[in-house]
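Next come the chains, spelled out residue by residue.
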Amino acid sequence: MRRPVIAGNWKMFKTIPETRAFFSSFLPLVSAVSHCEIVVAPPFTALAAASASVSGARVAISAQDVYWEKEGAFTGEVSIPMLIDVGCTYTIIGHSERRQFFGETDESVNQKVRAALAGQLQPIVCVGETLAERDAGKAADVVRRQVRQGLGRLTESDLSPIIVAYEPVWAIGTGRTATPETAAEMHGEIRRTIGEIWGSKAASEMRILYGGSVKPNNIQELMRREDIDGALVGGASLDPASFAAIVKYL
Ligand code: PEP
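Residues numbered from 1 in each chain as written. Predicted model: local features only at pLDDT ≥ 70, side-chain atom pairs only at ≥ 80, totals over all residues. Heavy atoms only, no water.

Draft legend 1. Structural detail: the packing of helix α7 (residues 139-150) against helix α8 (residues 180-198). Running from N to C, α7 and α8 cross one another at 45°; their axes reach a closest spacing of 10 Å. One way to sum up the angle between α7 and α8 is to call them oblique. Here α7 and α8 pass one another in a crossing that is right-handed. On the side of α7, the interface is formed by A139, A140, V143, R144, V147 and R148, while α8 contributes M186, E189, I190, T193, I194, I197 and W198. Split into classes, the residues belonging to the contact of α7 with α8 amount to nine nonpolar, one polar and three charged. (Axes fitted to C-alpha atoms, helices over the stretch in contact; angles between N-to-C directions. Helix = DSSP H or I, 4+ residues; strand = E, 2+ residues; numbered from the N terminus. Parallel < 35°, antiparallel > 145°, perpendicular 65-115°, else oblique. Left-handed = near helix turned anticlockwise from the far one by under 90°. Contact = heavy atoms within 4.5 Å. Nonpolar A, V, L, I, M, F, W, Y, C, P; charged D, E, K, R; others polar.)

Draft legend 2. Spotlight on the nonpolar core. Counting 66 residues, the largest nonpolar core has I6, F23, F26, L151 and I162 as its most contacted members. Beyond its immediate stretch of four places on either side in the chain, L151 contacts N110, V113, V125, Q146, L159, I162, V164 and W198. With 13 residues, the next largest nonpolar core counts A41, I124, C126 and I163 among its residues. (Core = buried A, V, L, I, M, F, W, Y, C linked by side-chain atoms within 4.5 Å. Buried < 20%, exposed > 50% of the residue type's maximum accessible area, 1.4 Å probe, protein only.)

Draft legend 3. Representation of the pairing of strand β2 (residues 37-41) in the model. Buried residues dominate β2, accounting for five of its five residues. Here β2 shows no split at all, with E37, V39 and A41 on one side and I38 and V40 on the other all buried. Bridge analysis of strand β1 (residues 5-9) against β2 gives five bridges, and the strand direction is parallel. Across the sheet, G8 pairs through a bridge with V40, a residue of β2. Where β2 and strand β3 (residues 59-63) come together, three bridges link them in parallel fashion. Bridging from a neighbouring strand, I38 pairs with V59 of β3. Between β2 and its parallel partner β3, the chain crosses via helix α2 (residues 47-53), and the hand of that crossover is right-handed. (Pairing = 2+ DSSP bridges. Right-handed = clockwise from strand over helix to strand, strands pointing away.)

Next comes the structure, spelled out in structure tokens:
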């Protein structure tokens, strides 16, 4: 059984006071939730405040990115021990905005994933095709390559802490959600790829989230699909009531 995960990615939104205000509204709304894991990924500057706010609650804190070196002359970067120090248990790796705007590659995703695993931080690894790639009929090839290379050089036993998020770039922040059929088909591709490389047990245990304009009004239909184990939510995770409604999709 794969435990569902609903994760919120705040991107470059919310100050420390806004983070505290979010959790004071959000936590009472989800205090009875036990059917899924809840993860919130605030910006680096709000991670410590977020961790303090969720102390004692069943909400995990994630970073939105990480660097693979432990420390050193890497201006602007944040290491795994630093994230653990502020209470993170997860980090997003390879978000399409990092790939599109900040030069993230499958190779850098792989270095980050391997470092995160070594440092006991659980990676949420994002994959997904652009609209041009989908229109060219290459969606499955692109995502298969991102999985193969992003998770490259790992053994079957390395995989269990990893979550994969399928986020078609054309659906992120656009209001254009993939249909549950398209999402489920791509989740199937990802699971098959994992099965081909690491075996059927690894494939059946891997949690694969869908991301791309998930809202309270479409989460239920997505979650009905066998291969969809949860959601990575951007815009709709910024508001406590809408994120709580997504968490309570049942
Ligand atoms: C995201 O940032 O990962 C995302 C899926 O954003 P949105 O829900 O706003 O499309």
